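Breakdown of the fold
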Amino acid sequence: MVLRSVICSLCTLAGTLLLQAQTITVVEEGADRPLEGVQVLAKFSRPLGTTNVNGQVRVVADLGSDTLSFIVPGHPVVRIAWDDVVRRGYRVALVVVPFQMPEMVVSANRWEQDGTRVPDRITVMRAADVAFHNPGTSADLLQQSGEVFVQKTQQAGGSPMLRGFAANRVLIVVDGVRMNNAIYRAGNLQNVINVDVHAVEHAEVVYGPGAMTYGSDAIGGVMDFRLLRPGFSADSGLLVRGTSYLRSASAANELAGHVDLGIGSRKFAFVGSASLTGYGDLRMGSDGLDDYLRPWYVRTFNGVDSQVVNVDPKLQMGTAFENYAYMAKLAYRPIHGLEVGLNGYYTTTSDHPRYDAMITARGDGSARWAVWNYGPQAWRMISGEVSHIAKRGPWTKAHLVIASQRYDESRTQRGFRQTEITLQKEQVDGLWLNLDLQKFLGKRVQLLYGAEAIHNLVGSHAAQHETVDDAYQNINARYPDGSTWWTGSVYVGAMADLTQRLTLSAGARYSRSGLEATFDTTLFPYPTTHTSLNNGALTGNMGAAWRPGTAWKLAIDLSTGFRSPNIDDVGKVFSNEPGTVIVPNPDLGPEYAYSAELSVEKTILDRVKLSGSLFYILVDDVMVRRPYDLNGADSIFYEGSLSRVDAIQNVAQARVWGGTFSMEAILFAGFSAEVRYTGQSGSEDAEDGVSVVPLRHSPPSFGRIGLRWAHGRVDLRALFSFSDGFTTEELAPTEKDKPIYALDAAGDPFCPPWQVLDVKGSIRVTPAVLLSVGVENVLDARYRTYSSGMTSPGRNFIVALRATF
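Residues numbered from 1 in each chain as written. Predicted model: local features only at pLDDT ≥ 70, side-chain atom pairs only at ≥ 80, totals over all residues. Heavy atoms only, no water.

Summing up its helical and strand segments, the protein has eight helices and 54 strands in all. The C-alpha atoms of the protein give 29 Å as radius of gyration, which agrees with the globular expectation for 805 residues (28 Å, within 12%). Once the C-alpha set of the protein is aligned to its principal axes, its extents read approximately 115 × 60 × 55 Å. For the protein, the proportion of its 805 residues judged to be buried stands at 55%. Within the protein, residue pairs in contact and separated by at least 24 positions form 66% of the contacts whose partners lie at least 6 positions apart. Approximately 34,300 Å² of the protein is accessible, and the part contributed by carbon and sulfur atoms is 59%. (Helix = DSSP H or I, 4+ residues; strand = E, 2+ residues; numbered from the N terminus. Rg over C-alpha atoms; globule rule 2.2 N^0.38 Å. Buried < 20%, exposed > 50% of the residue type's maximum accessible area, 1.4 Å probe, protein only. Contact = heavy atoms within 4.5 Å. Areas by Shrake-Rupley, 256 points an atom, 1.4 Å probe, with all protein chains shown as cover.)

Ordered in space as β4-β3-β6-β7, the four strands form an open sheet in which the pairing is antiparallel. If you trace the sheet from one side to the other, it starts and ends with β4 (47–50) and β7 (78–81), each paired once. Across the sheet, the axes of successive neighbouring strands diverge by a mean angle of 20°, strand direction being ignored. Summarising the sheet, strand β6 (residues 67–71) and β7 pair through four bridges and their orientation is antiparallel. Its bridge partner being in β7, leucine 68 is matched across the sheet by isoleucine 80. (Pairing = 2+ DSSP bridges. Axes fitted to C-alpha atoms, helices over the stretch in contact; angles between N-to-C directions.)

Looking at the protein as a whole, the pLDDT averages 90, with 93% of positions reaching at least 70. The low-confidence segment residues 6–19 (pLDDT under 50) makes three contacts with residues lying over four places distant or belonging to another chain. (pLDDT = per-residue confidence, 0-100.)

Turning next to the pattern of salt bridges. Evaluated as defined, the whole model comprises 36 salt bridges. Between aspartate 408 and arginine 406 there is a salt bridge, with its nearest N and O atoms 3.1 Å apart. When its relative accessible area of 26% is taken as the criterion, arginine 406 is described as partly exposed. Close ionic contact of aspartate 646 with arginine 644 constitutes a salt bridge, the shortest N to O distance being 2.7 Å. Within the structure, one salt-bridge network assembled from shared partners comprises Arg121, Glu147, Glu674, Arg676 and Arg704. (Salt bridge = Lys/Arg side-chain N within 4 Å of Asp/Glu carboxyl O.)

Time to look at the sheet that holds strand β15 (residues 177–178). Spatial ordering of the open sheet is given by β11-β16-β17-β14-β15, a layout of five strands whose pairing is mixed. Only two strands of the sheet have a single neighbouring strand rather than two, namely β11 (122–126) and β15. Bridging between strand β14 (residues 171–174) and β15 involves two bridges; their strand directions are antiparallel. For valine 174, the partnering residue across the bridge sits in β15 and is valine 177.

Further remarks concern the pairing of strand β36 (residues 502–518). Residues in a regular strand point their side chains to alternate faces of the sheet. In the sheet, strand β35 (residues 484–497) pairs with β36 via 14 bridges, with the strands oriented antiparallel. Across the sheet, residue alanine 494 finds its bridge partner in β36, namely alanine 506. Hairpin connection between β35 and β36: a loop of four residues separates the two successive antiparallel strands. Two elements, β36 and strand β37 (residues 530–546), share 17 bridges in a ladder whose sense is antiparallel. If you follow serine 511 over to β37, its bridge partner there is alanine 537.

Next up on the list: the pairing of strand β41 (residues 591–604). Relative to β41, strand β38 (residues 552–563) is paired through 12 bridges, and the arrangement is antiparallel. When the bridges of β41 are listed, glycine 561 appears paired with alanine 593. Alignment of β41 against strand β42 (residues 608–627), held across 13 bridges, turns out to be antiparallel. Along β42, the bridge assignment pairs alanine 596 with tyrosine 616. What sits between the antiparallel neighbours β41 and β42 is a turn of three residues, in which leucine 605 has the positive phi angle 55°.

The phi angle at aspartate 470 is positive, at roughly 55°, despite the residue not being glycine. Mapped onto the secondary structure, aspartate 470 falls in the loop between β33 (445–466) and β34 (471–474). For aspartate 470, a relative accessible area of 52% translates into the label exposed. With phi around 70°, serine 787 is a residue other than glycine that occupies positive phi space. Along the chain, serine 787 turns up in the loop between β53 (781–782) and β54 (796–804). The class of serine 787 is buried, set by a relative accessible area of 2%.

A word on the environment of arginine 802. Note on placement: arginine 802 falls in strand β54. C-alpha separation for the pair arginine 802 and leucine 771, spaced 31 residues apart in sequence, amounts to 6.5 Å. If sequence neighbours within four positions are ignored, arginine 802 has contacts with Val130, Ala131, Asn134, Thr243, Ser244, Tyr245, Ala768, Val769 and Leu770.

Considering the arrangement of structural elements, one finds asparagine 180 in the loop between β15 and β16 (200–207). When its relative accessible area of 0% is taken as the criterion, asparagine 180 is described as buried. Here valine 170 takes part through its backbone oxygen, which lies 2.9 Å from a polar atom of the side chain of asparagine 180. Among the polar contacts listed, one links the side chain of asparagine 180 to the side chain of aspartate 217, at a separation of 3.3 Å. In this view, asparagine 180 contacts Ala167, Val170, Leu171, Ile172, Asp217 and Trp432; residues no more than four positions away in its chain are not counted. (Polar contact = N/O pair within 3.5 Å; in protein donor to acceptor, adjacent residues only side chain to side chain.)

Now the structure itself:
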């Protein structure tokens, strides 16, 4: 009898353990893609758990004849009896319903919000977009969205242009920390490639000034990248996840590899990733203007430079480079509502030539440069963060980030058949602090407030190497060595749902910025030895989002932005140019932006989504180079000759106006279509103060048309991208002297329009394996995007394999 009781007890215990061990997997119907964040409820809305990144949730209750509900945004609620779940092998498939659920966005105010409540226009890029398009860099990811124009000086780069502005007038944010630093210049910048595209989990672009939330530099817009996050286990089990990825592309003989691994328990979680990419010289297309061919390049034989005929002029010699990216994140949840994290990032490139310089010839046709290389562009960040959710007190949610960043760049230059090499090296060390808090005041009002503090120290060194006798000599550096730049700000804002259909938002930010720079007159006879700046800026925004029906959104957004002068504005310009000398301007102040935007969204029968916006941006006190008086004199004797005095001054205005339109439509039998178009025009005051000239970073109109067929595990797409061109008269004055443009019949530079067709497809071989293939630039067009030094890739065959576990 006792033995029978023991056996029965053991059987009962074993049955209970088996029952507790049951795991339900939730996937997207047809694609078999695991769905994360699905809430599973039992009878009477009793929560059973939420699926993890692998789409799994462990059920620990005896459900008997209960019915389970599966709830996740973008999918209709599914209710299934427990017996049916068992018969299906504990696998549940949910149907996708496009346009039904609102998009959740983060970049508008640093907290996740329902996109229908936000007045800003925002482009969202998800991990699924990265998996399908397989972009080579984060610049390519932005461009493949169809709503961001990207300039490329060389293959190792990409400078996004947002609403007529670029470089230090747009902001890059990674995991809540801004990348922009004291030496971000006004010319095209390539720093966005330091963001590892293979580790991107979510990315957003918010257009127009974003100073209330992000401070200085956010005039054209903000690019907010969220990288892989550590995943915690929902139960006592250990959560293990990972991805491995290989990509090959023919146009540059590219080979890329990526791996990431995440491990999580209830309290500890870790994720790490590594990405390695190698690019060969890029091949351009066959059908197009001969102006873009590479007829020659420079090689050095036994110490003698030779201008060599390129036997394959479609091959852009000098565009090869390598890229490396590593990341690790560790998170700890000691109690519910509190999370502490430590993150590390490191990315770098190999040396890479500046392609537009290497194609420059002198008047007699000889090469201008034998060497013009950027050295490794390295970025390192170590950050600690604390997130807290409180039931009462001054905040409902709080997020604190303290980060240390180090940025390194260098340049090596040697003229053709010259023996002197110029070496420049710059580094920026800085500390960043961001505190963002959110307080719910009832169910309808959110208070948003916080603070930011940044300090940068700039190191800059230069030397001249005489190769004949191997002698080195210190020369004037690119920036004043040891200069500092800082900024601090506080902000407060609110979002209020006045009714279920109307949301108002408003906020203000006060910033204080300054810099100190000391000039070494022993190497360069500066007219001054020291300069300092200290200025403040008050900015704000006001907007409204009205939803007259479930299928409508009408919004208006009024905002201001600013950019505070940095070391590049003050220090780099001190260079010797024939007949001019540029001096510091201690009165240099911020430039201010004023923006207005109207937008509308309409969803028709849950099958067609239309979106459009009109915008206008005015930038006052733009920092430009103009003639200047130094101690009452407009000219000074400099190196023995009378030279005109110039300085960077706040004396111009810039204007950008335009609109965007997009359409997404579900057609029939798995077919869908998209249309995206952006048109804009920009101008700034000319030097005479009366006329206006085209704005340099306002690109031609551009867009994309796409057709998609998706059925089951197969996804096929055809994408037609296009851009208008610029005549000579439409080019900015600073663009006309560049050797990157084609020449018209009169011999004047112009930018021709272009069109490109891409065909891509993917098949989910198994739930864990995705195979992607594609042909970019199917028609092998030879074209160069506006302001780019490099010709775009020709016909490009891509194969990628992605496996998850």
